[in-house]
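# A structural walkthrough
Letter by letter, the chains look like this.
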Amino acid sequence: MKRPLEASVEGRGRIVGITDGVFAIALTLIVLEIRVPVHEAIHSEHDLLVAVAALAPRFLTYALSFLTLTIFWFGQQAQHGLIANPTDGWPR
């Protein structure tokens, strides 16, 4: 008989799904800061290159934010693994 507060497989699956969804939303929201250059300001290929180069700090910020969130996501997955099987990973 299962105890009321005992963790279940479907309960852990729900938590993993919710946290994965939160990370997915966060990863999606950070890309919204990169805006497409204004069409009227671009008259040549050089103007386009200048406009894209002006976005370089935003691309760098996006890449660093994506990397940071990915590191946290991997850590979260490791925590879920330890919660699912707490004896794995502990010294004996």
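Refer to the preceding data block for the structure.
Residues numbered from 1 in each chain as written. Predicted model: local features only at pLDDT ≥ 70, side-chain atom pairs only at ≥ 80, totals over all residues. Heavy atoms only, no water.

## Describing the overall build of the protein chain
In terms of helices and strands, the protein chain carries 3 helices and 0 strands. Per-residue burial over the protein chain gives 8% buried out of 92 residues. Within the protein chain, contacts between residues at least 6 apart in sequence are counted, and of these 74% link residues at least 24 apart. (Helix = DSSP H or I, 4+ residues; strand = E, 2+ residues; numbered from the N terminus. Buried < 20%, exposed > 50% of the residue type's maximum accessible area, 1.4 Å probe, protein only. Contact = heavy atoms within 4.5 Å.)

## Quick word on the side chain of threonine 19
Here threonine 19 shows up in helix α1 (residues 9-31). The class of threonine 19 is buried, set by a relative accessible area of 16%. At a separation of 3.0 Å, a polar atom in the side chain of threonine 19 contacts the main-chain carbonyl oxygen of valine 16. Of the polar contacts made by the side chain of threonine 19, one reaches the side chain of histidine 80; its length is 3.2 Å. In contact with threonine 19, other than residues within four places in its own chain, are Gln76 and His80. (Polar contact = N/O pair within 3.5 Å; in protein donor to acceptor, adjacent residues only side chain to side chain.)

## What about the pattern of salt bridges?
This model, assessed by the stated rule, comprises 1 salt bridge. One salt bridge connects arginine 58 with glutamate 33, and the closest N-O pair in it is separated by 3.3 Å. In this pair, arginine 58 is assigned in helix α3 (residues 56-84) and glutamate 33 in the loop between α1 and α2 (45-54), connecting sequence segments 25 residues apart. Given a relative accessible area of 41%, arginine 58 falls into the partly exposed group. (Salt bridge = Lys/Arg side-chain N within 4 Å of Asp/Glu carboxyl O.)

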